[in-house]
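Residue-level listing of the chains:
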Amino acid sequence: GKPKPLELYELRHLCGSRLADMGLTREDIAYHLGDTPEVVGKHYIHVYEKNVRDRVRAAFGQNVRELRRDVG
């Protein structure tokens, strides 16, 4: 069938998440999206897990053992 068109809110989530992944702060993203940092952090930023792990390894080096916390 025909693909469903993207909704505006989906683009906001994508934009917020990509900007966060590129290193922008919640305040920067909030300004860009026209919202508050609290709302942006709660609703519009989704973490790309692999990228986070790569940045942590880069920050602490390869000798750091990966810790995983399951959030339920």
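This section reports on the structure supplied with the text. Keep in mind it's a predicted model, so treat the numbers as computed, not measured.

**A word on the overall build of the protein**
Then step 1. The secondary structure content of the protein amounts to 4 helices and 0 strands.
Then step 2. N-terminal to C-terminal, the α/β element order of the protein is α-α-α-α.
Then step 3. Every one of the 72 residues in the protein was classed for burial, and the buried ones make up 14%.
Then step 4. Pairs at least 24 residues apart make up 37% of the contacts formed inside the protein by residues separated by at least 6 positions.
Then step 5. For the protein, the exposed surface amounts to about 6200 Å²; the carbon and sulfur share of it is 56%.

**Brief notes about helix α2 (residues 26-33)**
A turn of α-helix holds 3.6 residues, and therefore any two residues three or four places apart point the same way.
Then step 1. Buried residues of α2: Ile29, Ala30 and Leu33, and no others. Taken down its axis, α2 places every buried residue within 100 degrees of arc, on the same side. Exposed side of α2, more than 90 degrees from the buried face: Tyr31 and His32 are the residues found there.
Then step 2. The inward-facing, buried residues of α2 contact α1 (8-21) and α3 (37-44).
Then step 3. Remark: glycine 34 follows α2 within two positions and exhibits a positive phi of approximately 75 degrees.

**Section: the side chain of aspartate 21**
Then step 1. Relative to the helices and strands, aspartate 21 is located in helix α1.
Then step 2. Here aspartate 21 is in contact with Tyr48, Asn51 and Arg55, once residues within four sequence places are set aside.

Reading the values: the criteria
Residues numbered from 1 in each chain as written. Predicted model: local features only at pLDDT ≥ 70, side-chain atom pairs only at ≥ 80, totals over all residues. Heavy atoms only, no water. Helix = DSSP H or I, 4+ residues; strand = E, 2+ residues; numbered from the N terminus. Buried < 20%, exposed > 50% of the residue type's maximum accessible area, 1.4 Å probe, protein only. Contact = heavy atoms within 4.5 Å. Areas by Shrake-Rupley, 256 points an atom, 1.4 Å probe, with all protein chains shown as cover. Arc of directions from axis to C-beta.

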